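# Tertiary structure, described
These are the residues of each chain, in order.
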Amino acid sequence: MRIQLVGLGHVGQSMLQLISEKTSLPNSLIPDARIVSISDSKGTAVDEDGLSPLEVLRYKGLGWKGFKKYIKGYTPLNAIRRVESDVMVELTPSTLSGEPGLSNIKAALRARKNVVTANKGPLVVDYEGLTRTARKVGVRLCYEATVGAHVPVFCLVESCFKADELESIRGILNATTNFVIGQMEEGRGFQKSIEAAVRAGWAERNYSDDIDGLDSARKVVILANALFGSNARLDDVKVEGIRNVEAQVDAARRENMRVKLVCQITRNGSQLELTVSPKMIPLDDPLATVNEGDMAIEYTFKTSKRIFVSAQFLGPRQTAYAVLNDILRIETRSAC
Ligand SMILES: NC(=O)c1ccc[n+]([C@@H]2O[C@H](COP(=O)([O-])OP(=O)(O)OC[C@H]3O[C@@H](n4cnc5c(N)ncnc54)[C@H](OP(=O)(O)O)[C@@H]3O)[C@@H](O)[C@H]2O)c1
């Protein structure tokens, strides 16, 4: 299997690290796996015989100085169109326009390449178009890591509850806000809690996508489209973030409850209601057990009823693991 990687930030580098550490991943499971191109924002490293993950990580750390296989200005689109491969892994930043990921994914699908991505942007902007193209050309588009990183979401429903009917979803799907609310529960104000999150590596300096609920809203759109067959857009989600949640956190403590930023999808007749908002959760509700930067999702099915999955989230290594698992699913043609 020939793999192209676009985006070599936290997740892309963790993926190379995982591959280099674990000889079982993906090499013993996919014996002929090789990474034939790796692009970042400034250029692309190419070797059709396979790039060494450790060598790439070392030269990326040196700003590519002295690495002859790195071609400055050679864009991901050029690489996707010109370098032969079986899978394109898209790991550029999630943006409102979906770009550059949207164009990269479209180009890969048009070239009949399977796609694995952790990038929410393209799926929020054009879930329907991308999945239709993938079906039409007969390749797979896998995006397990887009919602909840390594928390099993799409593959769980696909492999275990395919015959059931999904009625609703509740989830805590943004690690940063969950960490920040946890800091507030310990008595810190909003600003001090954010600073603690930045220091602990949970929040970027530009944290508004997380704090204002946009990151969670993107996940709600993908869930609605992938699991409920909807054609939802970001505007369809009613969003409230956690900037003004301090008083609610205090009130919750007095009433033996916890505040969580909850993503929710419920049916209202033939309509779906999509919301992201801070909610007071009783302590005996499983969502109240989700601490720090962990994430969780609760599905309610017509027959199977409530299924709750939660996972400890520590960072991009786990996201990278979910990406690798998607690559293996493509190789083994499995649902999960
Ligand atoms: N971090 C997580 O655990 C996590 C969890 C779930 C989903 N995700 C999603 O996964 C994706 C990657 O996350 P990340 O944390 O690895 O992001 P990141 O650290 O910001 O890395 C982004 C990478 O994309 C490259 N890039 C930016 N614009 C580009 C362009 N126009 N052409 C080619 N490459 C470009 C950057 O290049 P330079 O290196 O040159 O700057 C960088 O290598 C995002 O969409 C994110 O939302 C991340």
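Just so it is clear, the structure is predicted and the values come from calculations on it, not from any experiment.

## Quick word on unusual backbone geometry
At the junction of glutamate 99 and proline 100, the peptide bond is cis and its omega measures out at 5° in the coordinates. At glutamate 292, a residue that is not glycine, the phi angle is positive and equals roughly 50°. Positionally, glutamate 292 belongs in the loop between β11 (271-282) and β12 (295-301). Exposure remark for glutamate 292: the 15 C-beta atoms within 10 Å place this residue in the partly exposed category. A positive phi angle, close to 60°, is found at lysine 305, a residue other than glycine. Looking at the element boundaries, lysine 305 is found in strand β13 (residues 305-311).

## Quick word on the domain arrangement of the protein
You can read the domains of the protein as domain 1 (2-149 + 316-332) and domain 2 (155-311). Placing a centre on the C-alpha atoms of domain 1 and another on those of domain 2 gives a separation of 28 Å. Contacts between domain 1 and domain 2 engage 11 residues on the former and 13 residues on the latter. When the residues that make up the side of domain 1 that touches domain 2 are grouped by side-chain class, the tally is 5 nonpolar, 3 polar and 3 charged.

## Side note on the environment of asparagine 114
Topologically, asparagine 114 is positioned in strand β6 (residues 114-117). Classification of asparagine 114 as buried rests on a count of 25 C-beta atoms within 10 Å. Between the C-alpha atom of asparagine 114 and that of glutamine 271, which follows or precedes it by 157 residues, the distance is 33 Å. Here asparagine 114 is in contact with Asp86, Val87, Val139, Arg140 and Ile330, once residues within four sequence places are set aside.

## Regarding the sheet that holds strand β4 (residues 70-72)
Sheet architecture is open: 7 strands sit in the order β4-β3-β2-β1-β5-β6-β7, paired in mixed fashion. Only two strands of the sheet have a single neighbouring strand rather than two, namely β4 and β7 (141-142). Taken together, the 5 bridges between strand β1 (residues 2-6) and strand β2 (residues 34-39) define a ladder with parallel strand orientation. Residue valine 6 lies in a different strand from β2, and its bridge partner there is serine 39.

## Here we look at helix α11 (residues 214-228)
Helix length check: α11 (15 residues) gives 20 Å between terminal C-alpha atoms against 21 Å at 1.5 Å per residue, within 8%. Taken across its 15 residues, α11 has 11 buried, putting it largely inside the fold. Restricting attention to buried positions, one finds in α11 the residues Leu214, Asp215, Ser216, Ala217, Arg218, Lys219, Val220, Val221, Leu223, Ala224 and Asn225. Structurally, α11 contributes buried residues whose contacts are with α6 (120-137), β8 (166-172), α10 (208-211), β9 (237-239), β10 (257-268) and β11. Phi turns positive, to about 65°, at glycine 229, one or two residues after α11.

## What about the site of the ligand?
Taken together, the neighbourhood of the ligand is formed by 25 residues, with Gly7, Gly9, Val11, Asp40 and Ser41 sitting nearest. For the shell around the ligand, the secondary structure elements donating two or more residues are α1 (10-21) and α13 (316-332). A total of 3 residues in the shell around the ligand trace back to one element, the largest contributor, which is α1. In terms of residue class, the shell around the ligand is made up of 11 nonpolar, 11 polar and 3 charged.

## Side note on the sheet that holds β13
In a beta sheet, neighbouring strands are held together by backbone hydrogen bonds and run either parallel or antiparallel to one another. Read across the sheet, 6 strands follow the order β9-β11-β10-β8-β12-β13 without closing on themselves; strand pairing throughout is mixed. Across the chains shown, the open sheet's two edge strands, defined by having one partner strand only, are β9 and β13. Each neighbouring strand pair of the sheet contributes to a mean axis angle of 20°, computed without reference to strand direction. As defined by bridge partners, β9 adjoins β11 across 3 bridges and the pair is classed as parallel. Counted as the bridge partner of lysine 238 is threonine 275 from β11. Contacting β8, β10 and β12, helix α8 (residues 175-185) runs over the sheet at an angle of about 145° to β10. Relative to β10, α11 is tilted by about 35°, and along the sheet it contacts β8, β9, β10 and β11.

## Description of the packing of α8 against helix α9 (residues 190-199)
Between α8 and α9, the least distance of the axes is 9 Å, while the angle of their chain directions is 125°. Considered as vectors, α8 and α9 are oriented oblique to each other. Crossing handedness for the pair α8 and α9: right-handed. Every residue of α9 that contacts α8 at Thr176, Phe179, Val180, Gln183 and Met184 is listed here: Phe190, Ser193, Ile194, Ala196 and Ala197. For the contact of α8 with α9, the residue count by class is 7 nonpolar, 3 polar and no charged.

About the cut-offs
Residues numbered from 1 in each chain as written. Predicted model: local features only at pLDDT ≥ 70, side-chain atom pairs only at ≥ 80, totals over all residues. Helix = DSSP H or I, 4+ residues; strand = E, 2+ residues; numbered from the N terminus. Buried ≥ 20, exposed ≤ 12 C-beta atoms within 10 Å, placed from the backbone. Domains from an automatic or database assignment. Contact = placed C-beta atoms within 7 Å. Nonpolar A, V, L, I, M, F, W, Y, C, P; charged D, E, K, R; others polar. Pairing = 2+ DSSP bridges. Expected span 1.5 Å × (residues − 1). Near = placed C-beta within 6 Å. Axes fitted to C-alpha atoms, helices over the stretch in contact; angles between N-to-C directions. Parallel < 35°, antiparallel > 145°, perpendicular 65-115°, else oblique. Left-handed = near helix turned anticlockwise from the far one by under 90°.

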